[in-house]
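What follows is each chain in one-letter form.
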Amino acid sequence: MMNLIDKECTGCGLCANLCPRNAILMRENEEGFLYPVIDNSQCDNCGICSKTCANYKKQSEYKNRPLQVKACQTKDETWLIESTAGGFFPTIAQWVIECNGVVFGTAYDKTMKPVVCKATTINDIYRFNGSKYVQSDLSEALLQIRDELEAGKLVLFSGTPCQVAAVKTLCGDYIEKSLITMDIVCYGVPSPGLFCEFLKTFEKKKHAKVVDYRFRDKHKNGWSHTTVITMIGANGDKIQYEEEDYSEVPYYKMFGARNCFRKECYNCRFNTVERISDFTTGNFWKIDEMTDAFDSHMGVSMLLLNTARAKELFKQIADSFQYIDMTLDQAVQANDALVHTCMYPPERDEIYSCFHKNGFDVMFRKFYSDPFLRKLKKGVRKLLKKLPGN
């Protein structure tokens, strides 16, 4: 076995799915990211994998400058509170399913790894809601997406821009017909291996099993960075851990530092103001500074309509939203990842090397922990609790 290395491999899994001899498997490397591995004993050097990668890269040539920019908030209170921003995705997902279509998005599997999977009922959509700041595994879903399109289904796919590129490479015949694509504003993705090791350290400290992880839950504080982790204790009881300060959650603090992403994320060919999807969505940060049109406590979506098809589809569901027109400059102001990637951090490789050799806790203490400030915060909290009225 040997790695099939490409300098710009995003781990989409296209090559593994299209290999006629099943000679390629997706395997985690020492950093916890999925990369293709080729079995030389099965490979007949047909070249399909190389051609597939080349076609994938060509997708960056077919990007569109957004035709319209919206700030929008769903009128469905359930979807609004369950979503991370203004609920655009679950609302259009419900519409697709009501049209007898299917939706593909990211959910946690039984091991808490994010995977792309299929929703065929409105109830299934709940699994997709909420930001998941981890790279998800697209490889198992690719052929399912193509099968649904070939069966005549309307398909909505939501993922990172590089994942959308993979779907469009595989399902190009259905672009502008029955395939609707949506990319999320993406700064980059840490590895699922890193996330899982963080969860293991958390479970060890709490003596419970993590069964759900919400990076930005709205139920208590609305549109915020409140983390809610649901666990099952040894006695079977459900336990919820809440943290309002994301910097107190080690993994989230790492994500915020933007120095633990996949190597290829720092040179992403899809992370530009021209977009690869029909729709681009994200949080409309700073919306209160731009307009007073919304009660933004529960979140507002930034929505780019990048194709004529997106404009037509939005007209069909517009009554489901409160929305106003915005400018592209305002969208960029809200999400700088629309125009550039992060610079490659000098400490990035050392972080993952330490993680591989010493585990999550040692790595975190070395690169992210600030003992003095943490002790100071704890001391202040203890003091405040002793004051009258607390």
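Rules used throughout
- Residues numbered from 1 in each chain as written.
- Predicted model: local features only at pLDDT ≥ 70, side-chain atom pairs only at ≥ 80, totals over all residues.
- Heavy atoms only, no water.
- Helix = DSSP H or I, 4+ residues; strand = E, 2+ residues; numbered from the N terminus.
- Rg over C-alpha atoms; globule rule 2.2 N^0.38 Å.
- Buried < 20%, exposed > 50% of the residue type's maximum accessible area, 1.4 Å probe, protein only.
- Contact = heavy atoms within 4.5 Å.
- Areas by Shrake-Rupley, 256 points an atom, 1.4 Å probe, with all protein chains shown as cover.
- 1 Å grid on protein atoms, 1.4 Å probe; cavity = no way out; pocket = protein on both sides within 12 Å on 5 of 7 lines; lining within 4 Å.
- Points joined across faces, edges and corners; volume = space filled by probe spheres on them.
- Nonpolar A, V, L, I, M, F, W, Y, C, P; charged D, E, K, R; others polar.
- Salt bridge = Lys/Arg side-chain N within 4 Å of Asp/Glu carboxyl O.

## Here we look at the overall build of the chain
Link 1 in the chain: Of regular secondary structure, the chain possesses 14 helices and 14 strands.
Link 2 in the chain: By the compact-globule yardstick of 21 Å for 390 residues, the chain fits well, its C-alpha radius of gyration being 21 Å.
Link 3 in the chain: Across its three principal directions, the C-alpha atoms of the chain cover 70 × 55 × 45 Å.
Link 4 in the chain: Across the 390 residues in the chain, those meeting the buried criterion constitute 53%.
Link 5 in the chain: Considering only contacts within the chain whose residues lie at least 6 apart along the sequence, 71% involve residues at least 24 apart.
Link 6 in the chain: Carbon and sulfur atoms form 50% of the exposed surface of the chain, whose accessible area is close to 18,600 Å².

## Observations concerning empty space enclosed by the protein
Link 1 in the chain: Inspection of the entire model under this criterion finds 2 cavities of 30 Å³ or more.
Link 2 in the chain: Around the largest cavity sit 15 residues that line it, and Cys9, Thr10, Cys12, Cys53 and Tyr56 are the ones nearest its centre.
Link 3 in the chain: Of all the elements in the fold, those that place two or more residues in the lining of the largest cavity are helix H1 (14-18) and helix H2 (48-58).
Link 4 in the chain: The biggest single contributor to the lining of the largest cavity is H2, with 4 residues.
Link 5 in the chain: Taken together, the residues of the lining of the largest cavity break down into 8 nonpolar, 4 polar and 3 charged.
Link 6 in the chain: A volume near 40 Å³ is recorded for the second largest cavity.
Link 7 in the chain: Residue lining of the second largest cavity: Thr10, Gly11, Cys12, Gln135, Ser136, Leu138, Cys162 and Gln163, and that is the complete set.

## Here's the deal with unusual backbone geometry
Note: most peptide bonds trans; most residues except glycine with negative phi.
Link 1 in the chain: Residues other than glycine seldom take positive phi values, yet Glu176 does so here, at roughly 70°.
Link 2 in the chain: Secondary-structure assignment places Glu176 in the loop between helix H6 (161-170) and strand S8 (179-184).
Link 3 in the chain: Even without glycine at this site, His207 takes up a positive phi of about 55°.
Link 4 in the chain: Following the sequence through the fold, His207 ends up in the loop between helix H7 (192-206) and strand S9 (208-214).

## What to know about the layout of surface pockets
Link 1 in the chain: Considered as a void within the structure, the largest pocket measures approximately 1,000 Å³ in volume.
Link 2 in the chain: The class makeup of the residues in the lining of the largest pocket is 19 nonpolar, 23 polar and 3 charged.

## Topic: the pattern of salt bridges
Here the idea is simple: oppositely charged side chains can pair when their charged atoms come close.
Link 1 in the chain: Summed over all chains, the structure comprises 17 salt bridges.
Link 2 in the chain: For Glu28, the salt bridge identified is with Lys113, shortest N-O distance 2.6 Å. Here the residue Glu28 occupies a position in strand S2 (residues 24-28), and Lys113 occupies one in the loop between strand S5 (102-108) and strand S6 (114-119), the gap between them amounting to 85 residues.
Link 3 in the chain: For Glu28, a relative accessible area of 37% gives the class partly exposed.
Link 4 in the chain: A salt bridge links Arg348 to Glu31; its shortest N-O distance comes to 2.7 Å. In this pair, Arg348 is assigned in helix H12 (residues 348-358) and Glu31 in the loop between S2 and strand S3 (34-38), connecting sequence segments 317 residues apart. Take Arg348 and Glu31: they sit in the same class, and that class is buried.
Link 5 in the chain: Here the salt bridges do not stand alone but share partners, grouping Glu31, Arg348 and Asp349 into one network.

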